4 protein chains.
Amino acid sequence: MTSSELQVCLDACLRCLQACEHCASACLSEPDVGMMVACIRLDRDCADACTFTARLLMRGSELHAEACRVCAEACDRCAAECGRHGHEHCQACARACRACADACRALAA
Amino acid sequence: MTSSELQVCLDACLRCLQACEHCASACLSEPDVGMMVACIRLDRDCADACTFTARLLMRGSELHAEACRVCAEACDRCAAECGRHGHEHCQACARACRACADACRALAA
Amino acid sequence: MTSSELQVCLDACLRCLQACEHCASACLSEPDVGMMVACIRLDRDCADACTFTARLLMRGSELHAEACRVCAEACDRCAAECGRHGHEHCQACARACRACADACRALAA
Amino acid sequence: MTSSELQVCLDACLRCLQACEHCASACLSEPDVGMMVACIRLDRDCADACTFTARLLMRGSELHAEACRVCAEACDRCAAECGRHGHEHCQACARACRACADACRALAA
């Protein structure tokens, strides 16, 4: 792992965290909030996984690969659900999740 | 998974979190802090893993098994390092980490 | 501050965290989720405030009083909203929030 | 508060979080770790305050002003300690803390 690869993954985690927090909050403001329940749940879990992983990357933790693997799994699930919804915040979140999953898998490899 | 198994694991995570936070802080107050560096690092990672896992358990997340696995790994590493030191806070932390690793593995299975 | 007062506050924070995580998750499963939006939002903020405060208390941080003040504010708002709903998880959360607000104010004083 | 002011503060929180995590980890690797104990403690608290605040900003929480105030206090204390040390990571952290404190105070005003 180079410091450049680490920084790419860290940036992807922080962008995904922001997208998930924003998406959860925006989903709660949608008139069809009853349709967004799974999205809100997965946004929350993914935001927590991104926070956990980003902080381990920032401190150069020896556990970063394990964190990246669980983060990629959280991102995959969140991207699959967000991608099913037409709201712009959901589509943006799905893209951020896919980018983060890719970066986490690359770093954990 | 029963709700009782979940609560056992959650309690183990919270006890381990408290032990790790206390151990890191107490290690920083030891005269031989230079010997405690690895312990402090692993305490921090383990505390973050326990927090992440505990909150997913509290909310009944579908990702709890993945979180439990990374938490067990963090606990194993922290227990191994803490167990090498005679300070009471290190020994107590090692015990809490081992109990949490066991509970996380049982729940993730 | 005695270590007993600190432990009382820490326990209140952890109970409130668990109540808030559970309430947010249960609100998302209610048929009337559209009525629970404010509750879910405040549960999330309060859970984060409790986590932040609990960890500072665990490590004996010099910033614990400041954390307790913001936690008490988060608890007050969450208790006021949860208290308006008849769901058992909301009523239990309101009680945990009030107890945590009291403990945080006592410790910060 | 405009969304531009919010983004400025959020970016400052994330930069400060990264600086604090890096500084804590780098301090633990210094030969004079015994001199860096206060710095490590404050880095940890400040990183937690920045994480808490950043996530509330991301979700547009009504509690963001209260979070910004405690974050500014954490940043002030961390900047004062880091500023006393000549290590490059301490000086960079002090700068990030001061910028974050300013942004948090501006947003909370």
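Residues numbered from 1 in each chain as written. Chains lettered and ligands numbered in written order. Predicted model: local features only at pLDDT ≥ 70, side-chain atom pairs only at ≥ 80, totals over all residues. Heavy atoms only, no water.

### Notes on the packing of aromatic side chains
Applying the stated criterion across every chain yields a total of two aromatic pairs over all chains. The interplanar angle of 10 degrees and the centroid separation of 5.1 Å between the aromatic rings of F52 of chain C and F52 of chain D together place this pair among those described as stacked. Of this pair, F52 of chain C sits in helix α2 (residues 37-58) while F52 of chain D sits in helix α2 (residues 37-58), placing the two residues on different chains. (Phe/Tyr/Trp six-rings, centres within 6.5 Å; stacked < 30°, edge-to-face > 60°. Helix = DSSP H or I, 4+ residues; strand = E, 2+ residues; numbered from the N terminus.)

### A closer look at the relation of the copies chain A and chain B
The two chain copies are connected by a rotation around an axis plus a translation along it. Mapping chain A onto chain B calls for a rotation angle of 180 degrees and an axial translation of 0.0 Å; the resulting RMSD is 0.0 Å. A rotation of that kind, with that shift, is consistent with a two-fold axis. Comparing interface residues between copies, 100% of those in chain A also sit at the interface in chain B, which points to an isologous, same-surface contact. (Least-squares fit on C-alpha atoms with pLDDT ≥ 70 in both. Contact = heavy atoms within 4.5 Å.)

### Some thoughts on the interface of chain A and chain C
Contact with chain A, which involves 11 residues of that partner, is made by 11 residues of chain C. When chain A packs against chain C, the two sides together hide about 1100 Å² of surface, and 50% of this comes from carbon and sulfur. Per-residue buried area on chain A facing chain C is highest for L28, R41 and R44 of chain A; these three make up 58% of the total on that side. Along the contact surface separating chain A from chain C lie two salt bridges. E21 of chain C serves as the salt-bridge partner of R44 of chain A, at 3.2 Å between the closest nitrogen and oxygen. Taken together, the connections running from chain A to chain C amount to six residue pairs in polar contact (both at pLDDT 80 or more). Contributing elements (two or more residues each) for the side of chain A that touches chain C: α1 (3-28) and α2 (37-58) of chain A. Along the lines of polarity and charge, the residues of the side of chain A that touches chain C split into five nonpolar, three polar and three charged. (Buried area = accessible area lost by both parts, 1.4 Å probe. Salt bridge = Lys/Arg side-chain N within 4 Å of Asp/Glu carboxyl O. Polar contact = N/O pair within 3.5 Å; in protein donor to acceptor, adjacent residues only side chain to side chain. Nonpolar A, V, L, I, M, F, W, Y, C, P; charged D, E, K, R; others polar.)

### What about helix α4 (residues 88-108) of chain C?
All names here are of chain C. Helix length check: α4, at 21 residues, gives a terminal C-alpha distance of 30 Å against a target of 30 Å (1.5 Å per residue), a fit within 8%. Of the positions making up α4, those classed as buried are H89, C90, C93, A94, A96, C97, C100, A101, A103, C104, L107 and A108. Among the structural elements, α1 (3-28), α2 and α3 (64-82) are those in contact with the buried residues of α4. (Expected span 1.5 Å × (residues − 1). Buried < 20%, exposed > 50% of the residue type's maximum accessible area, 1.4 Å probe, protein only.)

### Some thoughts on the interface of chain A and chain B
Accessible area lost upon the coming together of the parts serves often as the stated size of an interface. On the chain B side, the residues contacting the 18 residues of chain A number 18 residues. Of the roughly 1800 Å² buried between chain A and chain B, counting both surfaces, carbon and sulfur atoms make up 54%. Our count for the contact surface shared by chain A and chain B stands at eight salt bridges. D45 of chain A serves as the salt-bridge partner of R59 of chain B, at 2.9 Å between the closest nitrogen and oxygen. Linking chain A with chain B are 10 residue pairs in polar contact (both at pLDDT 80 or more), by the criterion used here. Among the elements that take part in the side of chain A that touches chain B, α2 of chain A stands out by supplying eight residues, more than any other.

### Considerations on the relation of the copies chain A and chain C
The two copies are related by a screw operation: chain A maps onto chain C through 180 degrees of rotation and 0.0 Å of translation along the axis, at an RMSD of 0.0 Å. Take the interface residues of chain A: 100% of them recur as interface residues in chain C, which is what a same-surface contact looks like.

### Points about the packing of helix α1 (residues 3-28) of chain B against α1 of chain C
Close contact between α1 of chain B and α1 of chain C brings their axes to 13 Å; oriented N to C, the two are set at 140 degrees. As far as their axial angle goes, α1 of chain C and α1 of chain B are oblique. For the element pair α1 of chain B and α1 of chain C, the recorded crossing hand is right-handed. Of the residues in α1 of chain C, those in contact with Q7, L10, L14 and Q18 of chain B of α1 of chain B are Q7, L10, L14 and Q18 of chain C. In terms of residue class, the contact of α1 of chain B with α1 of chain C is made up of four nonpolar, four polar and no charged. (Axes fitted to C-alpha atoms, helices over the stretch in contact; angles between N-to-C directions. Parallel < 35°, antiparallel > 145°, perpendicular 65-115°, else oblique. Left-handed = near helix turned anticlockwise from the far one by under 90°.)

### Quick notes on the packing of α2 of chain C against α2 of chain D
Contact geometry of α2 of chain C with α2 of chain D gives a least axis separation of 11 Å together with a crossing angle of 180 degrees. In terms of orientation, α2 of chain C lies roughly antiparallel with respect to α2 of chain D. In this structure, α2 of chain C contributes R44, D45, D48, A49, F52, R55 and L56 of chain C to the contact, and α2 of chain D contributes R44, D45, D48, A49, F52, R55 and L56 of chain D. Class assignment of the residues belonging to the contact of α2 of chain C with α2 of chain D gives a composition of six nonpolar, no polar and eight charged.

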